[in-house]
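# Overview (structure and organization)
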Amino acid sequence: MSFELPELPYDYDALAPFMSRETLEFHHDKHHQAYVTNGNNLLKDSGLEGKSLEEIVKASFGSNAGLFNNAGQHYNHIHFWKWMKKGGGGTSLPAKLQAAIDSDLGGYDKFKADFMNAGATQFGSGWCWIAVKDGKLAIMKTPNGENPLVHGATPILGCDVWEHSYYIDYRNARPKYLEAFVDSLINWDYVEECYDAAMG
Ligand code: MN3
């Protein structure tokens, strides 16, 4: 397969004021596009042509850093766009997901604090996550283009804490961006869809 840039699942203005048109234009049209373009160049003659994106991410981790960085970021961003929606975030979660957060992550307030802390303490570029590992939810953080797939887990929610994701709208205030993501942007329906898929 070759990588393709997906369309955003909403208008460029849809997430304002929490994530601006300008941020989405740079982040989707420039940064994600670059991962797609570079990933396709590096995929040629890698021996992984024809594999699924997930398989490419896992197989290139630790063995082909250039391909891994771009394929990992392509995977992460495909989901990141869908993990947000206009009017998202907050405490109205689908019941099954709410029950899993209560039992595995200590409830919504503790999830929010731990997820924001993971994002705020990821030194430099990276991501914070809710992942399914061994049938339970876990909060994770990873550097650069890494994701839970390469640590034996399946991501069901991720927030991009690379500066390109928040610097236009929040400057250096990463915690404010993380709080806006949780309170006003998360598409909980897509998180539950990913949870169902991860639980089989
Ligand atoms: Mn990004």
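All chains use their own residue numbering, which begins from 1 and follows the written sequence. Local features in this predicted model are restricted to residues whose pLDDT is 70 or higher, and side-chain atom pairs enter the listing and the counts only when it is 80 or higher, whereas totals over whole chains, interfaces and linings include all residues. Side-chain measures were taken over the full set of non-hydrogen atoms in the model, leaving aside hydrogen atoms and water.

## Thoughts on the coordination of the manganese ion
Donor atoms: N, O and S within 2.8 Å of the metal, or within 3.2 Å for Na, K and Ca. Because water is excluded, sites can look incomplete. Distances from the manganese ion to its protein donors, His27 (NE2), His77 (NE2), Asp160 (OD) and His164 (NE2), fall within 1.9 to 2.1 Å. Sequence spacing among the residues donating to the manganese ion works out to H-x49-H-x82-D-x3-H. Across this residue pair, the class does not change: aspartate 160 and histidine 164 are buried. Each residue gets one of three labels from its accessible area relative to the maximum for its type: buried under 20%, exposed over 50%, partly exposed in between, using a 1.4 Å probe on protein chains only.

## Remarks on the packing of helix H2 (residues 53-60) against helix H3 (residues 65-82)
Comment: axis = line fitted to C-alpha atoms, over the contacting stretch for helices; angle = value between 0 and 180 degrees taken between N-to-C directions. Here a strand is any run of E in DSSP of at least two residues, a helix any run of H or I of at least four, and the numbering for each starts at the N terminus. Running from amino to carboxyl end, H2 crosses H3 at an angle of 140°, the nearest separation of the two axes being 9 Å. Judged by the inter-axis angle, H2 sits oblique to H3. Our pair here, H2 against H3, has a crossing hand that is left-handed. Residue-level inspection shows Leu53, Glu54, Ile56, Val57 and Ser60 of H2 in contact with H3, the latter providing Leu67, Phe68, Ala71, Gly72, His74, Tyr75 and Ile78. Throughout, the ten residues Ala, Val, Leu, Ile, Met, Phe, Trp, Tyr, Cys and Pro are labelled nonpolar, Asp, Glu, Lys and Arg are labelled charged, and all others, Gly among them, are labelled polar. Its residues assigned to classes, the contact of H2 with H3 comprises eight nonpolar, three polar and one charged. Oblique is the label for any angle not covered by the other classes, which are roughly parallel (under 35 degrees), roughly antiparallel (over 145) and roughly perpendicular (65 to 115). Each helix crossing is assigned a hand: it is left-handed if the near helix lies turned anticlockwise from the far helix by less than a right angle, otherwise right-handed if that turn is clockwise. Contact criterion: two residues are considered in contact whenever any of their non-hydrogen atoms come within 4.5 Å of each other.

## Details of the state of the cysteines
When the sulfur atoms of two cysteines share a covalent bond, that bond is a disulfide. Only a pair of cysteine sulfur atoms within 2.5 Å qualifies as a disulfide here. Taken as a whole, this structure holds zero disulfides when the rule is applied. Of all cysteine sulfurs in the structure, the one in cysteine 128 sits closest to cysteine 159, which takes part in no disulfide; the separation is 4.8 Å. With relative accessibility at 0%, the residue cysteine 159 sits in the buried group. Here cysteine 194 stays free of any disulfide, with the sulfur of cysteine 159 as its closest cysteine sulfur at 15 Å.

## What about the nonpolar core?
Judged by nonpolar contacts, the single largest core of 49 residues is most densely connected at Phe111, Leu157, Phe181 and Trp188. In this structure leucine 157 touches Trp83, Phe111, Phe115, Cys128, Trp129, Ile130, Phe181, Ile186, Trp188 and Val191, once residues within four positions along its chain are discounted. Of all hydrophobic cores here, the second largest spans 13 residues; its members include Val36, Leu53, Leu67 and Phe68. To define a nonpolar core, start from buried Ala, Val, Leu, Ile, Met, Phe, Trp, Tyr and Cys residues and group those joined through side-chain atoms within 4.5 Å.

## A short note on the domain arrangement of the protein chain
Segmenting the protein chain into domains produces domain 1 (21-82) and domain 2 (95-199). Distance between the C-alpha centres of domain 1 and domain 2: 19 Å. With 19 residues of domain 1 at the contact, the number on the domain 2 side is 22 residues. Reported buried area values correspond to the accessible surface (1.4 Å probe) lost by two parts on association, with both partners' losses combined. Both sides together, the interface formed by domain 1 and domain 2 hides about 1,700 Å², and carbon and sulfur atoms give 63% of it. Boundary definitions for the domains trace back to an automatic or database domain assignment.

## A look at the pairing of strand E3 (residues 154-160)
Of all the seven residues making up E3, six are buried; the element is thus mostly covered by neighbouring parts of the structure. Criterion used throughout: strands pair if DSSP finds at least two bridges between them. With six bridges joining them, strand E1 (residues 126-133) and E3 adopt antiparallel strand pairing. Directly across from valine 132, in E3, lies its bridge partner threonine 154.

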